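Reading the structure
Okay, here's what each chain looks like letter by letter:
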Amino acid sequence: MATTRKLIVEVVDARNLVPKDGHGTSSPYVVIDYYGQRKKTHTAIRDLNPTWNEVLEFNWGKPSEVFGDVLELDVYHDKNYGPTTRNNSLGRIKLSSDQFVRKGEEALIYYPLGKKYLFSWIQGEIGLKVYYVDEVIPPPAPPVKEGKPEEAKADPATPAAEEGGAKPESDRQPPTGAASNFGKSETAGGPPLGSDQAPPLEPPAETGKPEEGQPAEGAPPPNGPPEAEKPPEEPNPVPSPQEAGRDEAGAQAATPTGQDSQPTLSPDDDIVIEPASRNWAPQSEIMAAATTGSMPEIRVARPRTIPPPQPMPRPAAPTTYNSSEPPEQAQIERSSFDLVEKMHYVFVRVVKARFLPTNGKPVAEIAIGSNRTISQPARKTNFFEWDQTFAFRRDSPESSSNLEVSLLDPRGTMDPSSDTAAANFFGGICFDVTDIPLRDPPDSPLAPQWYRLEGGGAHSGDLMLATWIGTQADEAFPDAWKTDTAGDNVNSRAKVYLSPKLWYLRATVIEAQDILPLTAMKESSFQIRAKIGFQVQKTKVSVNANGNPRWNEDLLFVAAEPFSDHLEFSLELRQPKGPVVLGVARIRFTTIERRVDDRKVVSRWFTLEDQNDEKKMYKGRIQMGLCFDGGYHVMDEAAHVCSDYRPTARQLWKPPVGTVELGIIGCKNLLPMKTVNGKGTTNAYTVAKYGSKWVRTRTVSDCLDPKWNEQYTWKVYDPCTVLTIGVFDSWGVFEISDGKEATRPDFRIGKIRIRISTLATGRVYRNSYPLLLLGHSGVRKMGEIEVAVRFVRAAPTLDFLHVYTQPLLPLMHHIKPLGVVQQEILRNTAVRIIAGHLSRSEPPLKSEVVRYMLDADLNTFSMRKVRVNWFRIVGVIASLIDIVRWIDDTRTWKKPTATILVHALLVMLVWFPDLIVPTLAFYVFVIGVWNYRFRSRDPMPHLCPKISQADTVDCDELDEEFDAVPSNRPPDVIRARYDKLRAIGARVQTVLGDFATQGERVQSLVTWRDPRATGIFVGLCFVVALILYLVPSKMVAMAFGFYYFRHPLFRDRMPPPAMNFFRRLPSLSDRIM
């Protein structure tokens, strides 16, 4: 049914506006402009905190142009109320259409008002809800018998029909040439007392739905003839010379070939290729599911008893092309593959056959050289249909110069491995590969043609197929059978996934009432148990004697869209024998409000019911505040390797600053990961993750040097993010029903990380990186991966540099921060939700793959990581240690020239203290310029075994690192680890005690625990104060500097008196038991 999209703007209220009427107040009203439409609210008379609560409705623009539109909102003071002579501006805001959300996802957001003019005095903020809805266009009224009145009514409805004809974004039909005509409301010449309403829209005539498989050519005119609803007919392909004498029935059967000449792209495509960075536009990233089919078999050619058909002549180039893709998808399929190498394939698309003397389900056998495969059994309709595409590597050594396509009857068997020599041979077609045309993705798809089968004797028939030579950029490549994969196995296909949209659900449990009759009440302990799926949390125990316990505690959960579960609260009475459930409250997610800031959520009362009683008796009530916190970013990765920091609420997203393009070329020298039929093999595929978008390449079977040459694109919202690429070995190509292999996990081969901020703009980084895997036996090099990366900046230079000054996490993380432990618990929950969601896709992205990509086991205890962090701290303070050593060398006159220069610098800084800060800044500048010569020459930093201490780690420590919790090792091993941990803990205990001792000595200077020491210190402070009052500070600083840098001839080798005095001060260490 036809729909039209409306943009809804709810103007709620404003706060702290500027007085503009000359009497300390204002009379504000709001004017909104969007897509050539202007509407305004009523005037709030003399109110600096006005409340409107008005809903303004706008017509949505064309789907192809709406992403460039901006909603402009202005707040004015009404000149009719006060001595002013014009409508003074109280502020304005501009909202991009990227911030608009669908109805149900909206939230009240307060936007700060900006200046309309440079010298305007503006303050305050305005609260809005902005969202869009899809309204169903009612069917047209039945026609009136009189012709003239009907014609008179049709004329004024024409512009309204055009206005309401805007199609939703999900509609794949291209727009027609008619432009949308949006009506306009009154301008803001004078603010009315009532809100303006949009002009009523007359619904256009409902158009016919195009047939499946036909190209969408746009909606016909409302009053157009019936022929306008039919899709345009495709020209018939030129038949082969053998078809000239075919009867009329065959000619009529060839007429609808335009319908099957090229499959229309659907959401079930395997690979979603985004446009190149210079042509990219905001597009919705979707995760599609693939269809499951049987796996054809690759068989080595053997001598056949049936003579092969002879090569037949064919046109050098196709005479007819068919393009049935909408413009939106045509742009996707024509994406450039400029970062990877082109891989040429011979594509064979077998569509259907006719005039075969059989009632069975024939199969097609395609062979090029030693590569031979059999199609799925044909579907019996008016024809024998397959509509299956095969891709053979063109540059493989075993590629032959002839392409053979044969039709066989397997005599009712459904097993493709049956002997084809015993099957009925209907005939075949032979092509010279050198005569097959080359097709690039910008060209239209090649139309299939009818060919006469030869070599079948009395059995004759026709076969419709198309052959061409293309690359991996061809739109038929994702769904095609390929020679370098395990046939048509669904688990070997490439795919693009999307992580589910995650929210933080905050439940504030306040109190409960009417729990038990007061006569039976004693002092009891109550507790609230909340549950969402596998997440269970409990409040603290509240001890109460009047049946009204209070908690005032926040519980935080992770929820994923689409919301399928419900939130369940159970009130438990704590007893010695165990908790007793007094009542249960179940809350649907659709009733919970969403917020994007820290505004207070209005609490509600929920009725508790007996979970075991079908009558749902009243068991009390509970007061809670529930909301979805959209201002947080739900962490699914560790903070230092995170790929996205955007908040959950789309309204808070900022425009992207660029794009990153990744070309996954291939791997080299991979190690065999498993043994199949006595042979070591590897079925490798690559997974890349950035933001919420995951990509998976196709699985190359039985190859230690796989080549993928696939290219993907992501939008970059923050350059200080990390792109993660992992390589895995798949068992999915061997999965069979009820087989042991179906439960085997995919093995890890290795992964690399690429930080976007280390990439120069517009430069292509193409390099090979080692795949290192740390296991029980140590670090192993599993092979190398070759990738090409390019970052393209889309934002202006100043806006791009301004990103570095913004907070890394959204505002809610700073206003109401989460604890470190709580954040890690929520991250593990998010990882589990994402892993469960992606494992249900087709093909599935297994749980072990997701956990490895997200570093789910990052915070497990490891002595190796403890040592790594210690050396990292040493590396950080190494520069400070070098400064201390330099100062010590200077004061000991090891380099007399440097010491003399330091004396001169001291005199200059003492007498001219204003030069201290500029001198330090200039010194840091010189250090930075000097270190530029020694910068890292690595094209892109990757995992380093030296920094990770993986080369020198002990096997026992690795066994401890990869041990499960709780441990399953023998007791002797556990006792040895415990003793080692006790020894390390003793050293840590000693260091902590030394730090505490030094701090307590500083405190004892003025606490009079040692009266003599405190008296000496207090008296010395009095003397120093008198000297500094009487002597200029420059003289004191000069004297102290020369005394500190004095020559060693004037030094004593004993410690200074101040140090001796400090070491004699008492601490609390002598009072510890």
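Scope of this entry: the structure provided in the associated data block. Owing to the predicted nature of the structure, the values given are computational and were not obtained by experimental measurement.

What follows concerns the overall build of the protein chain. Counting its secondary structure elements, the protein chain contains 16 helices and 40 strands. Counting only residues that meet the buried cut, the protein chain has 44% of its 1073 residues in that class. Taking as baseline every contact in the protein chain between residues at least 6 positions apart, the subset at least 24 positions apart corresponds to 72%. Working note: accessible area of the protein chain is about 56200 Å², and carbon and sulfur atoms make up 57% of it.

The next thing to look at is helix α10 (residues 896–911). Look at α10: 23 Å from first C-alpha to last across 16 residues, which is about the 22 Å you get at 1.5 Å a residue. Residues T899, V902, H903, L906 and V910 constitute the buried set of α10. One side of α10 carries all its buried residues, which in axial view fall inside an arc of 105°. In this structure, α10 carries T897, I900 and L901 as exposed residues pointing more than 90 degrees from its buried face.

A few words now on the sheet that holds strand β12 (residues 371–374). Strand order in the open sheet formed by four strands is β12-β11-β15-β16, and the pairing between neighbours is antiparallel. Each of the sheet's edge strands pairs with one partner strand only, and the pair in question is β12 and β16 (424–432). Put simply, the sheet's adjacent strands are angled 15° from each other on average, direction ignored. Bridge count between strand β11 (residues 363–368) and strand β15 (residues 402–409): five bridges; the pairing is antiparallel. Residue pairing across strands places A367 opposite E404, the latter belonging to β15.

On to the packing of aromatic side chains. Two aromatic rings are characterised by how far apart their centres lie and by the angle between their planes. This model, assessed by the stated rule, comprises 26 aromatic pairs. Aromatic pair F347 and W468: ring centres 5.3 Å apart, planes at 10°, arrangement stacked. A residue pair is termed long-range when its members are at least 10 positions apart, and F347 in strand β10 (residues 345–354) and W468 in strand β18 (residues 462–470) qualify at 121 residues. Of the two residues, F347 and W468, both sit in the buried class. Geometrically, the ring pair formed by Y1044 and F1045 is edge-to-face, given 5.3 Å between the ring centres and 90° between the ring planes. Among the aromatic side chains, those forming a connected cluster through ring pairs are Y34, Y35, F58 and F100. One cation-aromatic arrangement involves K482 over F477; the distance from NZ or CZ to the ring centre is 5.0 Å.

To continue, consider the environment of Q99. The topology assignment puts Q99 in the loop between β6 (89–96) and β7 (101–102). The buried category is assigned to Q99, whose relative accessible area is 17%. Beyond its immediate stretch of four places on either side in the chain, Q99 contacts R650, Q651 and W653. Within the local environment of Q99, its side chain forms a polar contact with the backbone oxygen of Q651, the two atoms lying 2.9 Å apart.

Another aspect to go through is the packing of α10 against helix α15 (residues 1033–1044). Axis separation between α10 and α15 bottoms out at 10 Å; the angle between their running directions is 165°. One way to sum up the angle between α10 and α15 is to call them roughly antiparallel. Note on packing geometry: the crossing formed by α10 with α15 is right-handed. Contacts between α10 and α15 involve H903, L906, V907, V910 and W911 on the former and, on the latter, K1034, M1035, A1037, M1038, G1041 and F1042. Class assignment for the residues of the contact of α10 with α15 results in eight nonpolar, two polar and one charged.

Grouped together as the largest cluster of nonpolar side chains are 36 residues, with contacts concentrated most on L662, W714, I725, L771 and I785. For this core, the elements supplying multiple residues, two or more each, are β31 (658–668), β34 (684–690), β36 (707–716), β37 (722–729), β38 (747–755), β39 (764–775) and β40 (778–793). Broken down by element, the residue count for this core peaks at five residues, all from β40.

What follows concerns the sheet that holds β31. Strand order in the open sheet made by the four strands is β36-β31-β40-β39, with antiparallel pairing throughout. Only two strands of the sheet have a single neighbouring strand rather than two, namely β36 and β39. Each neighbouring strand pair of the sheet contributes to a mean axis angle of 30°, computed without reference to strand direction. Direction of pairing for β39 relative to β40: antiparallel, over a ladder of 12 bridges. The residue of β40 that forms the bridge with L774 is V779.

Glancing now at the pairing of β31. Side chains on a regular strand alternate between the two faces of the sheet. By the criterion of burial, β31 is predominantly enclosed, with 10 of the 11 residues buried. Sheet topology places β31 next to β36; eight bridges connect them, and they run antiparallel. In the sheet register, V660 faces β36, and the bridge partner there is W714. Pairing of β31 with β40 involves 10 bridges; the strand directions are antiparallel. Counterpart to C667 in the pairing with β40 is I785.

Okay, the side chain of S1067 next. Inspection of the secondary structure puts S1067 in the segment after α16 (1057–1063). Look at S1067 and you get buried, because its relative accessible area is 8%. In terms of polar contacts, S1067 uses its side chain to reach the side chain of S1069, at 3.0 Å. Discounting residues that sit within four places of it in the chain, S1067 has contacts with T997, E1000, R1001 and R1009.

It is worth spelling out the pattern of salt bridges at this point. Overall, the coordinates contain 50 salt bridges when judged by the stated rule. The shortest N-O distance in the salt bridge between K679 and D702 comes to 3.1 Å. Taken together, the residues K679 in strand β33 (residues 679–681) and D702 in the loop between β35 (693–696) and β36 connect sequence positions 23 residues apart. For K679, a relative accessible area of 46% gives the class partly exposed. Note on D702: relative accessible area 43%, which makes it partly exposed.

Position of R650 relative to the elements: it lies in the loop between β30 (618–629) and β31. Given a relative accessible area of 31%, R650 falls into the partly exposed group. Each C-alpha atom, one on R650 and one on V101, is 6.9 Å from the other, the two residues being 549 residues apart in sequence. The contact partners of R650, leaving out residues within four places of it in the chain, are D98, Q99, F100 and V101.

Rules used throughout
Residues numbered from 1 in each chain as written. Predicted model: local features only at pLDDT ≥ 70, side-chain atom pairs only at ≥ 80, totals over all residues. Heavy atoms only, no water. Helix = DSSP H or I, 4+ residues; strand = E, 2+ residues; numbered from the N terminus. Buried < 20%, exposed > 50% of the residue type's maximum accessible area, 1.4 Å probe, protein only. Contact = heavy atoms within 4.5 Å. Areas by Shrake-Rupley, 256 points an atom, 1.4 Å probe, with all protein chains shown as cover. Expected span 1.5 Å × (residues − 1). Arc of directions from axis to C-beta. Pairing = 2+ DSSP bridges. Axes fitted to C-alpha atoms, helices over the stretch in contact; angles between N-to-C directions. Phe/Tyr/Trp six-rings, centres within 6.5 Å; stacked < 30°, edge-to-face > 60°. Lys NZ or Arg CZ within 6 Å of the ring centre and 35° of its normal. Polar contact = N/O pair within 3.5 Å; in protein donor to acceptor, adjacent residues only side chain to side chain. Parallel < 35°, antiparallel > 145°, perpendicular 65-115°, else oblique. Left-handed = near helix turned anticlockwise from the far one by under 90°. Nonpolar A, V, L, I, M, F, W, Y, C, P; charged D, E, K, R; others polar. Core = buried A, V, L, I, M, F, W, Y, C linked by side-chain atoms within 4.5 Å. Salt bridge = Lys/Arg side-chain N within 4 Å of Asp/Glu carboxyl O.

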